[in-house]
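# A structural walkthrough
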Amino acid sequence: MYAQIVLFDKFDPLDVIAPFEVLVAGARALGGGFTVELVSAEGPRQVVSGTEGLSLAATGTLDPTRPGYVVVPGASGPIDGDPDDGVETIPVLLARAAQTALTPLLERAFGDPGITVATVCGGSIVVAMGGLIDNRYATTHYLGMDVLDAAGVNAVSARVVDDGDLISAGGVTSGLDLGLYLLERSFGPRIAHAVEKLFEYERRGTVWRRSGIEPGEL
């Protein structure tokens, strides 16, 4: 089983590093059978993030046939500014990522029943802008919820949203919660708890699913 964490130009470093460290710790706790790697749509390369030029190395090409998880991060950049004036705001960066070879690879991943696509922060917006999750349920950073809505996604204000083969997490630090949830989902609570204890971090919030009793007015 694999967890392929995608790098694209101007990615947000914490969106990548938080789930990467959690999942690598889980792989060690398992003692084998789970591989975590950094990949890009273009293949092995040094990928520059949107935070002070920090870069990470993609060691492979995103393979949409490898069973497991494909994790898509968001971008790091200015929140405010006019793109017409050349300001590369986060929505501009996310839209650019959606226009690369990443989108057709993610489309193939969604078509494989052995793969679940997971996103952190603006990663769900990348997938939405690629037209891959129309009418699905997802979350993102609170500043991007309206962008998800405009892209035809049912935006849910929750820390983690599980919509079957699409699992999304909210703001930047939610990558920790996503990683722990993926470990529990695939390998059980004991593995997830061991990593939670190691990191001295407790998962936040209820994982939202489209199931159970519909709540009334509170």
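The preceding data block contains the structure.
Residues numbered from 1 in each chain as written. Predicted model: local features only at pLDDT ≥ 70, side-chain atom pairs only at ≥ 80, totals over all residues. Heavy atoms only, no water.

### Section: the pairing of strand β11 (residues 166–169)
Note the threshold: A simple rule labels every residue: compare its accessible area, found with a 1.4 Å probe on the protein chains alone, to the largest value its type can have, and call it buried under 20%, exposed over 50%, or partly exposed in between. Only DSSP runs of H or I with at least four residues qualify as helices, and only runs of E with at least two residues qualify as strands; both kinds are numbered from the N terminus onward. Pairing between two strands requires that DSSP report at least two bridges joining them.
Burial of the side chains of β11 extends over both faces: Leu166 and Ser168 are buried on one face and Ile167 and Ala169 on the other. Two strands pair when backbone bridges link them, and strand β7 (residues 115–120) and β11 are joined in this way by 4 bridges, in the parallel orientation. Note on β11: the bridge partner recorded for Val120 is Ala169. As paired strands, strand β10 (residues 160–162) and β11 are joined by 3 bridges and run antiparallel to one another. Within β11, the position partnered with Val160 by the bridge is Ala169. Once β10 ends, the chain turns through 3 residues before running back antiparallel as β11, passing Gly164 with a positive phi of about 80°.

### Thoughts on the environment of Glu196
The criterion, for reference: Contacts are assigned to residue pairs that have any heavy atoms within 4.5 Å of one another.
Assignment of secondary structure puts Glu196 in helix α7 (residues 189–199). Linking Glu196 and Val22, residues 174 residues apart in sequence, is a C-alpha distance of 8.3 Å. Residues within four places of Glu196 in sequence aside, it is in contact with Leu180, Tyr201, Glu202 and Arg203.

### Here we look at the packing of helix α1 (residues 13–30) against α7
Two quantities define a packed helix pair, namely the angle between the axes and the distance from one axis to the other. Quick note on the threshold: Geometry is summarised by axes, namely lines fitted to C-alpha atoms with helices restricted to the contacting stretch, and by angles between N-to-C directions that run from 0 to 180 degrees. Convention used here: angles under 35 degrees read as roughly parallel, angles over 145 as roughly antiparallel, angles from 65 to 115 as roughly perpendicular, and any remaining angle as oblique. For any pair of crossing helices, the crossing counts as left-handed if the nearer helix is rotated counterclockwise from the farther one by less than a right angle, and right-handed if it is rotated clockwise. Basically, the charged four are Asp, Glu, Lys and Arg, the nonpolar ten are Ala, Val, Leu, Ile, Met, Phe, Trp, Tyr, Cys and Pro, and anything else, Gly included, counts as polar.
For the pair α1 and α7, interaxial distance at closest approach is 9 Å and the crossing angle is 120°. In terms of orientation, α1 and α7 fall into the oblique class. In the packing of α1 onto α7, the handedness of the crossing is right-handed. Contacts from Glu21, Val22, Ala25, Gly26, Ala29 and Leu30 in α1 reach Ile191, Val195, Leu198 and Phe199 in α7. Residues belonging to the contact of α1 with α7 are distributed by class as follows: 8 nonpolar, 1 polar and 1 charged.

### What to know about the sheet that holds β10
Overall, mixed pairing links the 8 strands, which are arranged β5-β2-β1-β6-β7-β11-β10-β12 in an open sheet. The sheet terminates laterally at β5 (60–61) and β12 (207–209), the two strands that pair on one side only. Strands in contact with α1 are β1 (2–6), β2 (35–40), β6 (68–72) and β7; relative to β1, the strand with the most contacts, it is inclined by about 165°. Where helix α6 (residues 174–187) meets the sheet, its contacts fall on β6, β7, β10, β11 and β12, and the angle it forms with β7 comes to roughly 160°.

### Some points on the packing of aromatic side chains
Rules: Ring pairs shown here join Phe, Tyr and Trp side chains whose ring centres sit within 6.5 Å, with only the six-membered ring taken for Trp; geometry is labelled stacked below 30 degrees between planes, edge-to-face above 60, and tilted in between. For a Lys NZ or an Arg CZ to count as sitting over a ring, it must be within 6 Å of the ring centre and within 35 degrees of the ring normal.
According to the stated counting rule, one finds 2 aromatic pairs in the structure shown. One residue, Arg66, lies across the ring of Tyr2, its end atom 4.4 Å from the ring centre.

### Remarks on the pattern of salt bridges
Opposite charge on two side chains lets them pair, provided their charged atoms get close. As a reminder of what qualifies: Any carboxyl oxygen of Asp or Glu that lies within 4 Å of a side-chain nitrogen of Lys or Arg is treated as forming a salt bridge with it.
The full count for this structure, using the stated rule, is 11 salt bridges. Ionic pairing is found between Asp163 and Arg136, a salt bridge with its closest N-O pair at 2.6 Å. One end of the pair, Asp163, is in the loop between β10 and β11; the other, Arg136, is in the loop between α4 (123–129) and β8 (137–138), with 27 residues separating them in the sequence. For Arg159, the salt bridge identified is with Asp177, shortest N-O distance 2.9 Å. Taken together, the positions of Arg159 in the loop between β9 (154–155) and β10 and Asp177 in helix α6 put the pair 18 residues apart, joining distant regions of the chain. With a relative accessible area of 1%, Asp177 lands in the buried category. The network of salt bridges with common partners includes Asp9, Glu42 and Arg45.

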